[in-house]
Amino acid sequence: MGLNKAKIIGMGSYLPEKVLSNKDLEKIVETTDEWIVTRTGMKERRIAGKNEYTSDMGAKAALKAIEDAKLSVGDIDCILVATLTPDYTFPSTACLIQKKIGAGMVPALDIQAACSGYIYGLSIAKAFVEQNIYRNVLLVASEKLSSIVNYKDRTTCVLFGDGAAASVISSSPSGFSIESISLGSDGFQADLLQLPAGGSVHPASFETVAKEMHYISMNGKELFKHAVRRMEQASKACLEKANMKETDISWLIPHQANERIIDAIAKRFQHLLKEKVYKEVVRKYGNTSASSVGIALDELKKNQKICLNETVLLTAFGAGLTWGGTILKSV
Ligand code: UT7
């Protein structure tokens, strides 16, 4: 356990104030609180203000994470931002966050791995830190999913919410040591979850707007099966890489997309007590895509006592398809 192993040394998250409850959704589309709770576990989600963007939420979470790490903004020497709802296609949201937090003229780039973005980002940050390329990497995950949700489509609009999470990754002696990471993708299933228009295939036009192609398009039933299978696979792969057994895991945080998916993953960790599987985020905030596991980790750390040497297994899954898992150890 050398000093050079990358660790998360500070965390923060930000959720917008406005709450969109299941009861509110009942007034917008043909749905019921009962359907949403039984099928997804979700009760509420947060919605960003009209003039509050992905970069604003990300900047707020970033400043909290830097403070939590007991660093100042000037100590950050690289900024990574995981998002599928950037402020613009370009410039990157990372550059906008660099400006908003007043960071130095340090490298800043966006990562597009959909809901797996936080774990993909951790893998890049870990590599940068462990290769001594950068000392203090700021990883932000931020999403304004309400900007691409069709609030006339009941099959998707009940699922998504806005929010941000941030972490500082460094080689300090204590924090959450990133023990192992496993990532994967399957572009053959790209059409299961996508934003059809706005890219080079279907640039914005009157037709793409008329056909409502600028909203999330999703095959929920198919995704459900892939989500369970891939998150189980990623979890086992990163256990193997870390030379650990299932019984070595103290806490489990699956991607907060659906409580039933979380429960299905949890079943694969039979020794884990129910209260060790974190699912508060899906209940309170819905699916916040890249931010989901980052918000959950921040809340877990603030609300529960995580003892020295305890481990947290994070796993995520999303459009692409992409998936990932990582094992963190409190040191
Ligand atoms: O973030 C990364 C990726 N995302 C996921 O991993 C999401 C994975 N999928 C899911 O979470 C679930 O498949 C959903 C929550 C999206 C849907 O749950 P489901 O149990 O698979 O429901 P379903 O799609 O099979 O729909 C069942 C019924 C349908 O009616 P019929 O065809 O049986 O008459 C839907 O039209 O429920 C209907 N339905 C609704 N009813 C009330 C769909 N959405 C709603 C709704 N309110 N909001």
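Quick note: structure is the one above.
The structure contained in this document is the topic of the report that follows. (Residues numbered from 1 in each chain as written. Predicted model: local features only at pLDDT ≥ 70, side-chain atom pairs only at ≥ 80, totals over all residues. Heavy atoms only, no water.)

**As for the side chain of Glu310**
- Structurally, Glu310 is set in the loop between α11 (292-303) and β12 (311-318).
- For the buried Glu310, no salt bridge is present, and the opposite-charge side chain at shortest range is Lys276, 4.4 Å distant.
- Within the structure, Glu310 has its side chain in polar contact with the side chain of Trp251 (distance 3.0 Å).
- Ignoring sequence-local partners within four residues, the contact set of Glu310 consists of Ser250, Trp251, Lys276, Lys305, Leu328, Lys329 and Ser330. (Helix = DSSP H or I, 4+ residues; strand = E, 2+ residues; numbered from the N terminus. Buried < 20%, exposed > 50% of the residue type's maximum accessible area, 1.4 Å probe, protein only. Lys, Arg positive; Asp, Glu negative; His and termini not counted. Salt bridge = Lys/Arg side-chain N within 4 Å of Asp/Glu carboxyl O. Polar contact = N/O pair within 3.5 Å; in protein donor to acceptor, adjacent residues only side chain to side chain. Contact = heavy atoms within 4.5 Å.)

**As for the site of the ligand**
- Taken together, 23 residues lie around the ligand, and Thr31, Arg39, Lys221, Asn258 and Asn287 are the ones closest in.
- Between the ligand and the protein, one listed contact pairs an oxygen atom with a side-chain N or O atom of Arg39 at 2.8 Å.
- Contact between the ligand and Gly220: a nitrogen atom at 3.0 Å from a main-chain N or O atom of the residue.
- Among the secondary structure elements, those contributing two or more residues to the shell around the ligand are α2 (33-40), α6 (154-157), α8 (220-241) and α9 (259-267).
- Top element by residues in the shell around the ligand is α8. It accounts for four residues.
- Residue composition of the shell around the ligand, by class: eleven nonpolar, seven polar and five charged. (Near = heavy atom within 4 Å. Nonpolar A, V, L, I, M, F, W, Y, C, P; charged D, E, K, R; others polar.)

**Focus on the packing of aromatic side chains**
- Overall, the coordinates contain one aromatic pair when judged by the stated rule.
- Arranged with centres 5.0 Å apart and planes meeting at 90 degrees, the rings of Phe128 and Tyr134 form a pair that is edge-to-face.
- Residue Tyr134 is classed as partly exposed on the basis of its relative accessible area of 23%.
- Here Lys276 stacks its cationic end above the ring of Trp251, 4.2 Å away from the centre of that ring. (Phe/Tyr/Trp six-rings, centres within 6.5 Å; stacked < 30°, edge-to-face > 60°. Lys NZ or Arg CZ within 6 Å of the ring centre and 35° of its normal.)

**Topic: the nonpolar core**
- Judged by nonpolar contacts, the single largest core of 43 residues is most densely connected at Leu252, Ile265, Phe269, Leu313, Phe317 and Ile327.
- For this core, the secondary structure elements donating two or more residues are α8, α9, β12 and β13 (322-330).
- Take this core: its biggest share by element is seven residues, from α8.
- Once residues within four sequence positions are removed from consideration, Phe317 is found in contact with Cys115, Ser116, Leu223, His226, Ala227, Arg230, Met231, His255, Thr322 and Trp323. (Core = buried A, V, L, I, M, F, W, Y, C linked by side-chain atoms within 4.5 Å.)

**With respect to the pairing of strand β3 (residues 44-47)**
- Along β3, the buried face is formed by Arg45 and Ile47; none of Glu44 and Arg46, which line the opposite face, is buried.
- Where strand β2 (residues 18-21) meets β3, four bridges bridge the pair, whose relative direction is antiparallel. Counted as the bridge partner of Lys18 is Ile47 from β3. (Pairing = 2+ DSSP bridges.)

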